[in-house]
Structure formats: C-alpha cells, structure tokens
Amino acid sequence: MRKEKHQLDFILLNIGYAEHHADWNWKNINSPFTRIHVVTKGTAWLNRDGNKHQLKEGHLYLTPSYTPHSYECDDDFCLYYIHIYETLEKKSSVFDQLNFPIEIEGDSLLLNLIERLHAINPGRELSFYDPDAYDNSAELIRNIAMQGHTPLAFELESNGIIQQLISRFVAFATQKTPDVDERMARVLEYIHANIHTPIRIDQLADMSFLTKDHFIRLFKKQLTCTPGKYINQKKIEKAQLMMLLQNYSVQELAFQLGFENVSYFNRLFKKLTGENPTRYRKRLEM
C-alpha cells in the first residue's frame with residue numbers, strides 16, 4: 001500500500017510506572033486501545049495468539065487494540081505501561097494494514113523518551129491495575145477528556161514521543177496483506193470509509209470490475225476471509241467503540257452501522273464478541 005495510508009493519529013490515555021510482586025496476573029483482556037509495555041526489572045509472560053512470550057528487562061512490547069491476551073507474573077516485575085487510543089474516523093487502522101512485532105529491544109534513547117512522556121503527563125496513572133476496573137466506558141472517556149486539558153506544548157511533545165515509539169515497531173513490521181492488489185486495496189478503503197452504511201457485495205464487485213463470484217473468490221484468496229465476514233468484523237469493532245464513547249441504544253447502534261434488522265445485529269454481535277450488546281454495555285458501565 002502507498003505510504004500515505006499509514007498516517008497515524010494516537011491519543012495518550014494512560015502512562016505510569018508499576019512495581020508488581022507476583023500480582024500481575026490477568027486473563028481474557030481485549031481492549032479498544034493499544035498497549036505498550038516497557039520492562040525495567042524482572043520477567044513476566046504475555047499469552048497471545050496461542051503463544052506464551054517472556055517479557056524481558058530492557059525490551060518493549062506492543063499489543064494492538066482488540067487483541068485477546070493475558071498476563072502471568074510469579075515474581076517481582078517492574079514496568080512502564082502506556083495506553084494509546086487510535087482515532088480513525090473514516091480510515092483504516094494501521095493495525096489492519098501491518099503485522100507488528102510483539103517485542104523490540106530498547107535503548108537509552110527510548111527509555112529517556114518514555115521517562116519524559118511520563119513526566120509531562122502527570123495524573124495519567126491507573127488507579128487500579130485490574131483491567132476490569134479501567135477497561136470501561138467511563139474511564140476511557142475520562143482519559144480522552146484529559147487530553148483536552150493538556151498544555152499544547154506537552155500535547156505536541158507527547159504525540160511526537162508516541163510516534164517515535166510506534167516507529168520503532170513499524171521498522172520491523174510487515175504488510176498484513178502483501179498480496180492484496182490495487183482492486184482489493186480500493187475495496188478495503190471503501191469498506192473502512194463507509195462502515196456506517198449498508199455495504200453490498202455486488203457493489204464491491206462492480207467497483208473491482210469483477211463478477212460477484214470472482215470477486216468473493218479473489219477477496220478470500222487475498223484477505224483469507226470472505227468479504228461478508230470482513231465487513232461484519234469491522235462493523236462490530238466499530239460498534240464496540242461507539243458503545244464506549246456514546247450512550248447509544250442497541251437499536252440506534254444497529255441503524256448507525258447500516259443494519260436494517262436489529263435482531264441480526266444482536267446475533268452477530270454475540271457471535272463475534274461472546275456476549276450480546278446489552279450485556280456488553282452493562283459490563284462497560286460497571
């Protein structure tokens with residue numbers, strides 16, 4: 001894909017330094033924001049994508065939004081944690097476009113940048129380390145609102161530091177869909193820009209100058225899933241974000257995302273998240 005597709009826009013939610021004593025053990029985490037962990041002492045483990053990764057001193061670790069994972073810690077463990085929220089509006093996420101490494105090795109410059117980011121953003125520490133306590137609507141909205149009260153100079157500096165941290169991971173990233181041709185690239189752009197509307201497969205096929213059957217086969221070959229499954233996944237991810245940021249009813253949410261049948265939206269939401277929208281909202285509001 002072209003370079004301009006990777007324009008990044010992140011908001012700092014949290015940054016803090018934590019010292020754990022065999023108490024950093026959390027399961028079934030799946031958040032709408034991205035995490036960067038910087039280990040300063042000890043070891044722990046990150047379970048993700050069916051693999052167990054040892055977190056080592058002097059290394060940085062990246063966990064994109066909507067990535068199920070868990071942590072294990074059985075000894076002393078100290079780290080900086082950084083939570084960042086990617087503002088997308090009508091563009092695709094950089095995490096949809098690139099496969100990022102989980103781990104990179106740190107250096108003195110990165111550590112100094114992280115210490116500086118921490119120093120110019122007081123009050124961004126977590127009150128509780130249990131994800132259930134901060135992985136909710138009220139906390140996310142509060143953290144986003146704090147960005148509006150940050151002095152402009154510090155906001156610009158913070159954004160620059162976050163860009164530098166992400167750039168280190170980008171240096172080792174690979175295209176998530178290296179075999180996607182220009183036709184499928186246009187289709188993906190259209191899906192992300194119009195995720196709030198009904199998107200018809202025959203419409204996407206026409207855009208690609210292909211028959212519907214040929215388009216579906218080509219999309220599945222290049223994206224490893226059907227266009228319908230891809231669209232539904234992105235709609236439900238958008239629904240999760242909307243529920244975090246605004247108090248939509250389930251019916252309003254369904255209509256805002258182009259679903260004409262609320263029951264179908266409910267079934268799809270539960271299929272992809274494991275719980276229906278009403279239960280999901282209640283959990284966010286806890």
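The coordinates are above.
Everything quoted here is computed from the prediction, not taken from an experiment.

Caption draft 1: Structural detail: the sheet that holds strand β1 (residues 10–21). With respect to topology, five strands assemble into an open sheet ordered β1-β8-β3-β6-β10, the strand pairing being antiparallel. Two strands lie at the open edges of the sheet, namely β1 and β10 (103–105), each paired on one side alone. Each adjacent strand pair in this sheet contributes to an overall mean axis angle of 20°, direction not counted. Strand direction decides the pairing type here: strand β3 (residues 34–42) and strand β6 (residues 59–63), joined by four bridges, are antiparallel. Residue I36 lies in a different strand from β6, and its bridge partner there is L62.

Caption draft 2: Representation of the packing of helix α6 (residues 182–193) against helix α8 (residues 212–223) within the structure. Packing of α6 against α8 brings their axes to within 11 Å, and their N-to-C directions diverge by 90°. In terms of axis orientation, α6 runs roughly perpendicular to α8. In this structure, α6 uses R183, M184, V187, L188 and I191 to contact α8, whose residues at the interface are F215, L218, F219, Q222 and L223. The class makeup of the residues in the contact of α6 with α8 is eight nonpolar, one polar and one charged.

Caption draft 3: Geometry of the sheet that holds strand β2 (residues 26–29). Judged by pairing direction, the sheet is antiparallel, and its four strands sit side by side in the order β2-β7-β4-β5 without closing on themselves. Since the sheet does not close on itself, it has two edges, and those belong to β2 and β5 (51–55), each with one partner. Across the sheet, the axes of successive neighbouring strands diverge by a mean angle of 20°, strand direction being ignored. Where β2 and strand β7 (residues 69–72) come together, two bridges link them in antiparallel fashion. Within the sheet, the bridge partner assigned to I29 lies in β7 and is H69.

Caption draft 4: Structural detail: helix α11 (residues 262–273). Taking 1.5 Å as the rise per residue, α11 with twelve residues should run 16 Å; its terminal C-alpha atoms sit 16 Å apart, in good agreement. All of the buried residues along α11 are F265, L268 and F269. On an axial view of α11, the arc spanned by its buried residues comes to 105°, and they lie on one face. Among the exposed residues of α11, those oriented more than 90 degrees off its buried face are R267 and K271.

Caption draft 5: Examining the nonpolar core more closely. Counting residues in hydrophobic clusters, the biggest one holds 25 residues, and the most contacted among them are I36, L60, I82, I84, F100, L165 and I166. For this core, the element with the highest residue contribution is helix α5 (residues 152–170), accounting for five residues. In this view, L165 contacts I36, L60, I82, L110 and I114; residues no more than four positions away in its chain are not counted. Grouped together as the second largest cluster of nonpolar side chains are 19 residues, V180, I191, L210 and L223 included.

Caption draft 6: Structural detail: the packing of α6 against helix α9 (residues 227–245). Axis separation between α6 and α9 bottoms out at 10 Å; the angle between their running directions is 35°. In terms of crossing hand, the pair formed by α6 and α9 is right-handed. Within the contact between the two elements, α6 uses L188, I191 and H192 and α9 uses Y230, I231 and K234. Split by residue class, the contact of α6 with α9 holds four nonpolar, one polar and one charged.

Caption draft 7: Examining α8 more closely. Here α8 is twelve residues long and its end C-alpha atoms lie 16 Å apart, about the 16 Å a rise of 1.5 Å per residue gives. Turning to α8, its buried residues number three or more, namely F215, L218, F219, Q222 and L223. Taken end-on, α8 shows its buried residues confined to a sector of 105°, consistent with a single buried face. Pointing more than 90 degrees away from the buried face of α8 are the exposed residues D213, R217 and K221. Buried residues belonging to α8 abut α6, α7 (201–207) and α9. Looking at the residues trailing α8, positive phi occurs at T224, about 65°.

Scoring rules and cut-offs
- Residues numbered from 1 in each chain as written.
- Predicted model: local features only at pLDDT ≥ 70, side-chain atom pairs only at ≥ 80, totals over all residues.
- Heavy atoms only, no water.
- Pairing = 2+ DSSP bridges.
- Helix = DSSP H or I, 4+ residues; strand = E, 2+ residues; numbered from the N terminus.
- Axes fitted to C-alpha atoms, helices over the stretch in contact; angles between N-to-C directions.
- Parallel < 35°, antiparallel > 145°, perpendicular 65-115°, else oblique.
- Contact = heavy atoms within 4.5 Å.
- Nonpolar A, V, L, I, M, F, W, Y, C, P; charged D, E, K, R; others polar.
- Expected span 1.5 Å × (residues − 1).
- Buried < 20%, exposed > 50% of the residue type's maximum accessible area, 1.4 Å probe, protein only.
- Arc of directions from axis to C-beta.
- Core = buried A, V, L, I, M, F, W, Y, C linked by side-chain atoms within 4.5 Å.
- Left-handed = near helix turned anticlockwise from the far one by under 90°.

That is the geometry; function is a separate question.
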